[in-house]
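Structural overview for review
Spelled out, the chains give:
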Amino acid sequence: MTDRPTVVLVQNSPHSGPGRLPDWLEADGAAAVVVQGADLVEQVPSLAAAGAAAPDGVAGLVLLGGGLLPDEDERAPWLPHERALVAEALDAGVPVLGICLGGQVLAHVTGGTVTGRSGETEKGLCPVRLLDDAADDALLGPLGELAEGGEVRMVESHVDSITGLPPQAVHLATSDACGVQAFRVGDAAWGLQFHPEAAPERIGTWDADELAELGFDRDALLAAALERAPENEKQARALAAAFAAVVHRCGWKTRPRHAEERGHDPAHDVSGVR
């Protein structure tokens, strides 16, 4: 057994990497392992038996973004397994952090609604407003002291969005442009529409023509984002530290052994998975 809990980060697209998260999680005492979506079934057959990716089991699961909907299985054949891992994590109490597409996957699995081309498009470093329930939330609570007027600034890049919260979800953050910016299911599973892993500088690498078609000017987005980059880094760093603390407190103690004891592979048990 290692003395550092393993957090697996699932990369769903080559264009949506883990950014700042691995370094931050490592600094907070976790072992961050990035697994490509195409390799997910082989490298993480279940959270309890992840092989070389996590020899002592997965203590935390991060689902990254990507230009997909959570049930576009023909485009991304690993998505059914990703959804099954989310269901397993919820059952076992393993902390989950879903980012953009990842947050939409969590919503989909737990009974929410995700709409493609919803009209809630956001690009750039955008305001995210914390709601009352965020004040004592383990993930977003620490951002309260860093919020200006109740708002934080986070990188956003999406045309799809969560348009219906899961029945048991706690709504934690919103914005004028997009209703569901953050939610929690249970005690330790969060879905975010924004990208704490992405530094504002990344906006400069986005496709200028695609942005123009959506009505955005990349240079203007980048300039505005860089003005508030230090604020964003502090806020995103606090969020990452909060998730690492949850993993240490919760996931490291509740690594999913129970399914193995029952004699089946939870990664292939998709009961209740939408």
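Refer to the structure presented above.
Residues numbered from 1 in each chain as written. Predicted model: local features only at pLDDT ≥ 70, side-chain atom pairs only at ≥ 80, totals over all residues. Heavy atoms only, no water.

A separate point is the overall build of the chain. From N to C terminus, the chain includes eight helices and eleven strands. Over its C-alpha atoms the chain spans a radius of gyration of 17 Å, differing by no more than 12% from the 19 Å that the globule rule assigns to 274 residues. The 274 residues of the chain split such that 54% are buried. Partitioning the intrachain contacts of the chain with sequence separation of at least 6 by distance along the chain shows that 77% fall at a separation of at least 24. Entry remark: accessible area of the chain is about 11400 Å², with carbon and sulfur atoms responsible for 48%. (Helix = DSSP H or I, 4+ residues; strand = E, 2+ residues; numbered from the N terminus. Rg over C-alpha atoms; globule rule 2.2 N^0.38 Å. Buried < 20%, exposed > 50% of the residue type's maximum accessible area, 1.4 Å probe, protein only. Contact = heavy atoms within 4.5 Å. Areas by Shrake-Rupley, 256 points an atom, 1.4 Å probe, with all protein chains shown as cover.)

Turning to the pattern of salt bridges, a few remarks are in order. Taken as a whole, this structure holds eight salt bridges when the rule is applied. For D28, the salt bridge is made with R237, and the minimal N-O distance between the two is 2.9 Å. Within this pair, whereas D28 is found in the loop between α1 (21-27) and β2 (31-36), its partner R237 is found in helix α7 (residues 229-251), the two being separated by 209 residues in sequence. Taken together, the salt bridges that share partners define one network made up of E148, R228 and E231. (Salt bridge = Lys/Arg side-chain N within 4 Å of Asp/Glu carboxyl O.)

So, about helix α3 (residues 79-92). For α3, built from 14 residues, the straight-helix expectation of 20 Å at 1.5 Å per residue is met to within 8% by its first-to-last C-alpha distance of 20 Å. Of the positions making up α3, those classed as buried are L79, H81, E82, R83, A84, L85, V86, A87, E88, A89 and A92. In the stretch just after α3, G93 is the one whose phi turns positive, near 80°. (Expected span 1.5 Å × (residues − 1).)

Burial along strand β10 (residues 182-185) is two-sided: A182 and R184 and F183 and V185, pointing in opposite directions, are all buried. Where strand β9 (residues 170-174) meets β10, three bridges bridge the pair, whose relative direction is antiparallel. Of the residues in β10, the one forming a bridge with H171 is F183. In this structure, β10 lies alongside strand β11 (residues 189-192), joined through four bridges in antiparallel fashion. Across the sheet, A182 pairs through a bridge with L192, a residue of β11. Hairpin connection, β10 to β11: the antiparallel pair is bridged by three residues, and G186 has positive phi, about 70°. (Pairing = 2+ DSSP bridges.)

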